[in-house]
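# Structural description and commentary
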Amino acid sequence: MPSNICRYLTALIAEGSFSKAAQRLGISQPSLSQFLVRLETDAQTELVDRSAKPLKLTAAGALFLRTEQQVDLLRETAAKQMLDIKGGVRGHVTVGASDYRETFFLAEVLPVFHRLYPLIEVSLTEGRTKELEQMALEGAVDFSLVITPLFHPGTLTTIELYQERILIALSEKHRLAQQHPASPSEEFPVIDFHDLDREPFKSKKGQQMDVLFRELCRMSGASPRVVLESESMIAAATLASAGLGAALTTETLVRRAGTAKPLRAFSVEPPVPPRIVAAAYRSERYLSKAARALIRVMTNVAASRFQNG
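Now for a look at the structure at hand. (Residues numbered from 1 in each chain as written. Predicted model: local features only at pLDDT ≥ 70, side-chain atom pairs only at ≥ 80, totals over all residues. Heavy atoms only, no water.)

## A short note on the overall build of the protein
Short version of the rule: Runs of H or I in DSSP of at least four residues are treated as helices and runs of E of at least two as strands, each being numbered from the N terminus. Under the scheme applied here, a residue whose accessible area is under 20% of the maximum for its type counts as buried, over 50% as exposed, and between as partly exposed, the area being computed with a 1.4 Å probe on protein chains only. By definition, residues are in contact when any of their heavy atoms lie within 4.5 Å. Shrake-Rupley sampling with a 1.4 Å probe provides the accessible areas, and residues are treated as covered by the protein chains on show and by no other component. Positive: Lys, Arg. Negative: Asp, Glu. His and the chain ends are not part of the count. Lys charges are placed at NZ, Arg charges at CZ, Asp charges at CG and Glu charges at CD.
Across its full length, the protein carries 11 helices and 13 strands. With respect to the principal axes defined by its C-alpha atoms, the protein has extents near 75 × 50 × 30 Å. Residues counted as buried form 47% of the 309 residues belonging to the protein. For the protein, long-range pairs separated by at least 24 residues make up 74% of all intrachain contacts whose partners lie at least 6 apart in sequence. Of the accessible surface of the protein, which amounts to about 15,500 Å², a share of 53% is contributed by carbon and sulfur atoms. Once the 37 positive and 34 negative side-chain charges of the protein are each reduced to a mean point, those two points are 2 Å apart.

Structure below.
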């Protein structure tokens, strides 16, 4: 848990003003101002440039914050190591995850984990792809569930958990679904992405699925009509199953999601690589026995339930 010094200085710079930072921290503006004055008195130098709009750290302030962050990391590492030395696997693990991953992965994992490790508490913090990486970088979570490749390569260590195929979701009444009837020998028939040219399409805004969608358009020469940019892959697949165009989805969701209308899923041509789901944490961060135990259970559950459908 970051110290108040790190939290307060980080909030001031992120928000750019005392009023917004105080609101984010849940304290009064005078309390935040007094805290900074005491900090600068002890440091005998100005830490925040109050003349800048938005606020920014002085050179001394930047050095001060980096030092405090390193001290926080050392304290946290020592606390986790001492807990591990005591013997047994216990403690608390905080995991960053998307709502999709909570629904279709952690809902499978956590009941198994709690049976095996009843003395370990698990907390979940939700976020989008880039936010989850940032949480891991800042140490706000022990690790995040992310998709590789990363937005911040080289700064995070990743442990691969499982892979999931990328599919196209359509209503069973869609013309392409009618042209490719279900077959026991071909669970996910192949459709050419170019056949979706000018079709209504649901895209996942600002996410790696959106990057993949644009790459498929480039490779195939197709120009589907984006009629919805949603942050929810579940919502996009549900709308596709209701006959409102097509959407990119995953095999995990297709196998486990219940939709109001029948959903058909198809492999896509040109072929796309599967998504690699990984646990990511800051490279210099100590990963406790409790966190490693949770990652082991995730890997085992993924191998037995997800990769085998």
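Picking up after the structure, the text goes on.
## Remarks on helix H9 (residues 233-241)
Going by this rule: Picture the helix axis, draw a direction to every C-beta atom, and the arc is the one those directions span.
All of the buried residues in H9 are Met 233, Ala 236, Ala 237, Ala 240 and Ser 241. Along the axis of H9, the buried residues cluster in a sector spanning 135 degrees; they form a single face. Positioned one or two residues after H9, Gly 243 has a phi angle of 95 degrees, which is positive.

## What about unusual backbone geometry?
The step from Lys 53 to Pro 54 runs through a cis peptide bond, and the omega angle for that step is 0 degrees. For Pro 54, the position within the fold is in the loop between strand S1 (48-49) and strand S2 (56-57). Across the junction of Thr 148 and Pro 149, the peptide omega takes the value 5 degrees, indicating a cis bond. With respect to the element layout, Pro 149 can be found in the loop between strand S5 (143-148) and strand S6 (156-164). In this structure, Gln 44 takes a positive phi of about 60 degrees despite not being glycine. Classification of Gln 44 by relative accessible area gives exposed; the value is 72%. Its identity is not glycine, yet Arg 198 carries a phi of approximately 70 degrees, on the positive side. Structurally, the position occupied by Arg 198 is in the loop between strand S8 (190-192) and strand S9 (200-204).

## Considerations on the environment of Asn 300
Take Asn 300: it is sitting in helix H11 (residues 289-306). Here the alpha-carbon distance between Asn 300 and Arg 285, two residues 15 residues apart in the chain, equals 24 Å.

## Regarding the sheet that holds strand S13 (residues 275-282)
Selection rule: Note on pairing: two strands pair once DSSP finds at least 2 bridges between them. Lines fitted to C-alpha atoms define the axes here, with helix axes fitted over just the stretch in contact, and angles between the N-to-C directions of these axes take values from 0 to 180 degrees.
The strand order S4-S3-S5-S13-S6 describes an open sheet built from five strands, whose pairing is mixed. The sheet is open, and its two borders are formed by strand S4 (120-126) and S6, each paired with just one other strand. For this sheet the average axis-to-axis angle between neighbouring strands, irrespective of direction, equals 30 degrees. With seven bridges connecting them, strand S3 (residues 91-97) and S4 associate as parallel partners. Looking across to S4, one finds that Gly 91 is bridged to Ile 120. Running over the sheet, helix H5 (residues 99-116) touches S3, S4, S5, S6 and S13 and is turned about 180 degrees from S4.

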